[in-house]
Amino acid sequence: MEGAGAPAAAISTLTPPLEQLRLLAGELRLLLPGVRVGEARETTKEFNRKTFWRRLNEAAVKVSREATTMTEVFSRLPLPLPSSQETQRFCEQVRAAIKAIIAVYYSLPKDQGTTLRKLVRSATVDIVDGMAQLVEVLCVPPAQRPENNDLISYNSVWVACRQVPRIPRDNKAAALLMLTKSVDLVKDAHEEVEQAVEECDPYHGLLNDIEDNSDNHGDVWGCPNNQDLYWSEEDQELMIPCLALVRTSKACLKEIQISVAENGKKDQVAQLDDIVDISDEISPSVDDLVLSIYPPMCHLTVRLNSAKLVSVLKKALEITKASHVTPQPEDSLIPLLINAIDHCMNRIKELTQNELEL
């Protein structure tokens, strides 16, 4: 009799369904910091690339399937919710699926490349975070949830899982993907500021709204007669070499990208990682320079940000020049690009010299 009564007693003490979901969401959140900083697990087994990608894809499909099941079961209206025992089973399946994909990520060795590992890590983090968001939404009783919140959260998990087969399969492909993103970011920053210059409207029409408002309410801070919101003649003169430097930045990234595409070798993992790491610094440095040339322009800040960008560009070009992706440095565009960078910076120094003497 005791043996027959024990399981029933255990079931009756199970945590209520929605509380189980809250606990599960918390567990998933606690896994994220470890994934973000986790290192590859040491193993004596030889890495098999084909097996790794098969396992990662299968793990992503499993997570997606569990997300579908959880959404279908806990979004049912009208109630009832699943029993505590059923909920426990669903939660265990989610835990197992999430831990499985994390384990696959940890099995990717460092010698496969830092750039590739970052992409796999990012995909894994997105999946775990997406599942945590979904479970957090499902914690709320269906009748009390904002409309479509569960479907939106489910879609984020599904999208994250669908990205896994699109991850580059080797470090060279990963490097090219990251370099392409950097080129696009710099291109966007350049086009935005060029448009503002062509239209002589640094704030893209926002000043017109302020002007309309000031007509009705009198003078207000920020109205168009405030010259701090426009470029002076000195500002416009300084912008010419600054924009040239931004264009040169785009050209540098493009040259690095082409060199990696044409000459990059998959087994030269460390050199590809070094190229990507320094190239990743170019877009943020371009952003800093572009932001500093919007009015009110501080010429000293522009000079400092230009110098910072120049330093990053030259370092990126030197690292690329010294690597295997530039087999004949003297025949590459790198010397010409360095000359163009120096020309822009020298002009910026000339136009901002007075700032240093004040």
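Residues numbered from 1 in each chain as written. Predicted model: local features only at pLDDT ≥ 70, side-chain atom pairs only at ≥ 80, totals over all residues. Heavy atoms only, no water.

(A) How the structure looks around unusual backbone geometry. Cis geometry marks the peptide bond from Pro 295 to Pro 296; its omega dihedral reads -5°. Counting through the fold element by element, Pro 296 comes out in the loop between helix H11 (282-292) and helix H12 (299-322). (Helix = DSSP H or I, 4+ residues; strand = E, 2+ residues; numbered from the N terminus.)

(B) Structural view of helix H9 (residues 233-263). Between its first and last C-alpha, H9 extends 45 Å over 31 residues, near the 45 Å set by a 1.5 Å rise per residue. The largest bend along H9 measures about 30° and falls at Met 239, with the proline Pro 241 one to four residues further on. (Expected span 1.5 Å × (residues − 1). Bend = angle between axes of the 7 residues up to and from the residue.)

(C) Representation of the packing of aromatic side chains within the structure. Tallied over the entire structure, the rule returns five aromatic pairs. When the centroid spacing of 6.3 Å and the interplanar angle of 40° are considered together, the rings of Trp 231 and Tyr 294 count as tilted. Pair noted here: Trp 231 is in the loop between helix H8 (206-217) and H9 and Tyr 294 is in the loop between H11 and H12, with a separation of 63 residues, a long-range link. A residue is classified by how much of its surface remains accessible, and Trp 231, at 11% relative accessible area, is buried. Residue classification places Tyr 294 among the buried positions, given a relative accessible area of 11%. Here a set of aromatic residues connected by ring pairs shows up, and it is made of Phe 47, Phe 52 and Trp 53. Directly above the aromatic system of Phe 90 lies the positively charged group of Arg 89, at a separation of 4.8 Å from the ring centroid. Here Arg 169 stacks its cationic end above the ring of Trp 53, 4.2 Å away from the centre of that ring. (Phe/Tyr/Trp six-rings, centres within 6.5 Å; stacked < 30°, edge-to-face > 60°. Buried < 20%, exposed > 50% of the residue type's maximum accessible area, 1.4 Å probe, protein only. Lys NZ or Arg CZ within 6 Å of the ring centre and 35° of its normal.)

(D) Structural view of the side chain of Ser 249. One can find Ser 249 in helix H9. With a relative accessible area of 0%, Ser 249 lands in the buried category. With residues near it in sequence (within four places) discarded, Ser 249 still touches Val 186, Ile 282, Val 286, Leu 309 and Leu 313. (Contact = heavy atoms within 4.5 Å.)

(E) Highlighting the environment of Gly 113. Structurally, Gly 113 can be placed in the loop between helix H4 (84-106) and helix H5 (114-138). For Gly 113, a relative accessible area of 0% corresponds to the buried category. Along the sequence, Gly 113 and Asp 273 sit 160 residues apart, while their C-alpha atoms lie 6.7 Å from each other.

(F) Looking closely at the packing of helix H7 (residues 171-198) against H11. The contact between H7 and H11 brings their axes to 9 Å, and the two run at 15°. Classed by the angle they form, the pair H7 and H11 counts as roughly parallel. Considering the relative orientation of H7 and H11, their crossing is left-handed. Between H7, through Leu 185, Val 186, Ala 189 and Val 193, and H11, the contact on the second element is made entirely by Ile 282, Ser 283, Val 286, Asp 287 and Val 290. A class-by-class count of the residues in the contact of H7 with H11 yields seven nonpolar, one polar and one charged. (Axes fitted to C-alpha atoms, helices over the stretch in contact; angles between N-to-C directions. Parallel < 35°, antiparallel > 145°, perpendicular 65-115°, else oblique. Left-handed = near helix turned anticlockwise from the far one by under 90°. Nonpolar A, V, L, I, M, F, W, Y, C, P; charged D, E, K, R; others polar.)

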